[in-house]
Structure formats: structure tokens, C-alpha cells
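Tertiary structure, described
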Amino acid sequence: MGRYILQRLGSSLIIIWIIITITFLLMHAIPGGPFTAEKKLPPQVKASIEEKYHLNDPLWKQYTDYMGRIVQFDLGPSFKYEGRSVNEIIDESFPVSAQLGFGALLVAIIGGITAGAISAMRPNSWIDYLVTIGYTLGISVPTFIIGALLVYWLGFTFHWFPVALWKGPSYMVLPVLTLAAQPMAFIARLTRSGLLDVFEQEYIKTARAKGLSQSEILLKHALGNAILPVITYIGPLAAALLTGSFIVETIFAIPGLGQYFVTSIYNRDYTVILGITVFYSALVVGLNLVVDMIYPMIDPRVTMQEDKD
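Residues numbered from 1 in each chain as written. Predicted model: local features only at pLDDT ≥ 70, side-chain atom pairs only at ≥ 80, totals over all residues. Heavy atoms only, no water.

1. Remarks on the overall build of the protein chain
We count it as follows: Each helix is a run of H or I in the DSSP string that is no shorter than four residues. Each strand is a run of E no shorter than two, and both are numbered from the N terminus. With a 1.4 Å probe rolled over the protein chains alone, any residue whose accessible area is under 20% of its type maximum counts as buried; one over 50% counts as exposed, and the rest are partly exposed. A contact between two residues is defined here by any heavy atoms of the two lying within 4.5 Å.
Per the secondary structure count, the protein chain includes 13 helices and zero strands. Sequence-ordered secondary structure for the protein chain, helices as α and strands as β, is α-α-α-α-α-α-α-α-α-α-α-α-α. Taken over 309 residues, the protein chain has a buried fraction of 40%. Counting contacts in the protein chain only where the partners sit at least 6 residues apart, residues at least 24 apart contribute 72% of the total.

Shown next as C-alpha cells:
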């Protein structure tokens, strides 16, 4: 197992390095630079600023310097947010995005598995049809439309929840529901289809013959095997939700990581774009590694096979 973990860590580091390299090259391939829009700057001032941030160095030197800082967990200074480093921006904004993402992840997992299980236990019933229609709409309707509808109905029409900003638990309800809607629908579909397949297995028929109740069969025998596809989906989903949704943060004016990322793209703030990309990539790879570790605990039939090639 130790060798397997080391192999996965090694491949994860290679993946992160490839992502950093591609992002770095793409950012520098775009015409212009972070201070191109500053047309009022005299050439001498612009040259001085570029020298300060080493933007006039050869590309290979900028790349090696940046990789050297990455090894030290230093993501560099922001070009547009004067006096602030990328580490400070992430430290400030990620907790907000993480609260939003963690709440959405809990709602998506609990709501999706519950809806999918209820639907699978009553196939071809009105509940099954209702859940099927619900997750079909949840997958099909874009997030910004779901958010707009929730704002209109629960915010402006019934005045149940505030529609913007991030000042307390009540402000979290609408953005969390908006962000959780699509993954919850997808988890419900995965759970339903997985359980319907498992319910046809011989060991489930044996459990029924022994007189076990439907809930006992579900919890003790069926659910663990049926949610393996859900666990696979949760890895990248958790990373996506924990780093926040650009659309949701924009709709509800939430000061999370997504807003900085979008603003930095407009401003060509290389270090912020690269820093958030590195952070996001490491989170995705790390959570996928955790999912691989959890797999054998959920299903003993799944073993950690070491690469023999």
C-alpha cells in the first residue's frame, strides 16, 4: 500500500507540473501583458514596473524562477492588487468559497443519495417519476437560471432569504441551493441506476428470501455497492465546489476565490491566475487520491493494485 501511495503521489506531482507549465505558457502566449492597459504610463515607468516584477526577463528565466517559488509554496505577488501576494488572496477568499462549497457538497450528497434511494425502492411509482423529472430538470437547467429563479421566488416573492452578500447563515441558503442543484440531480441519477442494478443481484434476492426488510437490505447490503460511482464523482465535484462557483459567486456577490480568478483574467494578472490554477489543481488531484484510498473501505472487492509495468 505504501508503494501504491508513493506511485500515486509521484503521478499527481507530474500532473500538477504539466498543468502549471501549460498555464504559464498559455498566459505568456497572449499578446500584451498585465500593464498593457495602463496606456497613460510613460515608457520609463512601465519599464521600471516590468523590471520590478521581472517581466522583462527571458521566458525561460521567468518559468524557472516561478517553479522555484512554487517549491517553496510562494505563489508570488499580485500585479494588480498592490501590496498583496497571491497567498494572501487565497488565504482571504478561499474560506468563503470553502464554506459555500462545503455546504453545497453536503446538500448534494445527502439530498442526491436520499432521492435516488427513495426512487429506486419504488420503481415505476409516482415518486420515482417525480424524482426522475426532478433530476432531469436539475441536470438540464443551467446554474444561473436556477439561481435567478431561487432569487425571484424565495428572495423577492416570499422574502424568506436575503438575495446577495455573505453576512451570516441566512445569506448562505440561496447560493448553497443554487450550487448544489446540478450535482444533487446527478448524484440522484447515479444512485438510482446503481441501486436498480444491485437490487437484481442474487445476494439481494437471498436477503429478501431471509425476510430482511427493504430498509435493512438497502443500508446493509445494497447502498455500499451502489454508490461507488457516486464516490468517484464526489472527488472532482468536491474540488470544484470547495473552490467555489464563478457564476454563483457573481450572482450573489460573494467575495470568494471565483471573483478574484475572473477579475485576474480580465486584468491579465499572471500570478493570480497561475496561483489559483495551481491551488485548484492540487485540490483536485489530492481529493481524487483520497477517493482512491476510500474505495477499498467501501467495497472490499476493490483492492489497491500496484502498477507492475
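2. Side note on the nonpolar core
Where we set the bar: Throughout this description, the term nonpolar core refers to a set of buried Ala, Val, Leu, Ile, Met, Phe, Trp, Tyr and Cys residues connected via side-chain atoms within 4.5 Å.
By size, the foremost hydrophobic cluster in this structure holds 42 residues, and its most contacted members are L100, L195 and F199. Once residues lying within four places of it in the same chain are set aside, the contact partners of F199 are A120, M121, I204, R208, I217, L218 and A222. Grouped together as the second largest cluster of nonpolar side chains are 24 residues, I20, M67, V272 and L274 included.

3. Let's talk about the UniProt feature "transmembrane region" (unreviewed entry) in the protein chain
Note the cut-off: UniProt positions are given in the numbering used here, feature names are shortened, and annotations may be inferred rather than shown by experiment.
Here, UniProt's "transmembrane region" (unreviewed entry) annotation points to residues 12-30, 100-121, 133-156, 168-188, 230-258 and 270-291. In residues 12-30, helix accounts for 95% and strand for 0%; the two terminal C-alpha atoms are 28 Å from one another. For residues 168-188, the helix share is 95%, the strand share is 0%, and the end-to-end C-alpha distance is 29 Å.

4. Observations regarding the packing of helix α4 (residues 86-121) against helix α9 (residues 214-226)
Applied cut-off: Helix axes are fitted only over the stretch in contact, all axes being lines through C-alpha atoms; the angle between N-to-C directions runs from 0 to 180 degrees. When an angle is under 35 degrees it counts as roughly parallel; over 145 it counts as roughly antiparallel; between 65 and 115 it counts as roughly perpendicular; any other value is oblique. By definition, turning the near helix anticlockwise from the far helix through less than a right angle yields a left-handed crossing, and turning it clockwise yields a right-handed one. Gly counts as polar in this scheme, as do all residues outside two lists: the nonpolar Ala, Val, Leu, Ile, Met, Phe, Trp, Tyr, Cys and Pro, and the charged Asp, Glu, Lys and Arg.
Viewed as axis vectors pointing N to C, α4 and α9 meet at an angle of 120 degrees, and their least axial separation amounts to 12 Å. As the angle between them shows, α4 and α9 are arranged oblique. In terms of crossing hand, the pair formed by α4 and α9 is right-handed. Contacts from I113, A117 and M121 in α4 reach Q214, S215, L218 and L223 in α9. Counted by class, the contact of α4 with α9 contains five nonpolar, two polar and no charged residues.

5. Let's talk about α9
Note the threshold: What a helix is expected to span follows from its residue count: subtract one and scale by 1.5 Å. To get the bend at a residue, fit one axis to the 7 residues ending there and another to the 7 starting there, then take the angle between the axes.
With 13 residues, α9 should cover 18 Å at 1.5 Å per step; its first-to-last C-alpha distance of 15 Å lies more than 12% under that length. By the largest-angle criterion, K220 marks the main kink of α9, which is about 40 degrees. Along α9, the residues classified as buried are I217, L218, A222, L223 and A226. Residues of α9 that are buried sit in contact with α4, α7 (169-198), α8 (202-209) and α10 (228-242).

6. Considerations on the packing of aromatic side chains
Each pair of aromatic rings is reported with the distance of its centres and the angle of its planes. Rule in force here: Between rings of Phe, Tyr and Trp, where Trp is taken as its six-membered ring, a pair exists when centres lie within 6.5 Å; planes separated by under 30 degrees are stacked, by over 60 edge-to-face, and by other angles tilted.
Inspection of the entire model under this criterion finds five aromatic pairs. Here F94 and F279 contribute two aromatic rings whose centre-to-centre distance is 4.8 Å and whose plane-to-plane angle is 75 degrees, an arrangement assigned as edge-to-face. Placement of F94 in helix α4 and of F279 in helix α13 (residues 270-298) is noted, with a sequence separation of 185 residues between them.

7. Things to note about the environment of G76
Within the element layout of this structure, G76 appears in the loop between α3 (59-71) and α4. Linking G76 and V86, residues ten residues apart in sequence, is a C-alpha distance of 5.9 Å. Discounting residues that sit within four places of it in the chain, G76 has contacts with R69, S85, V86 and N87.

8. Points about unusual backbone geometry
The phi torsion at N124 lies on the positive side, around 65 degrees, for a residue other than glycine. In this structure, H159 is a non-glycine residue whose phi angle is positive, near 55 degrees. Relative to the assigned elements, H159 resides in the loop between α6 (143-157) and α7.

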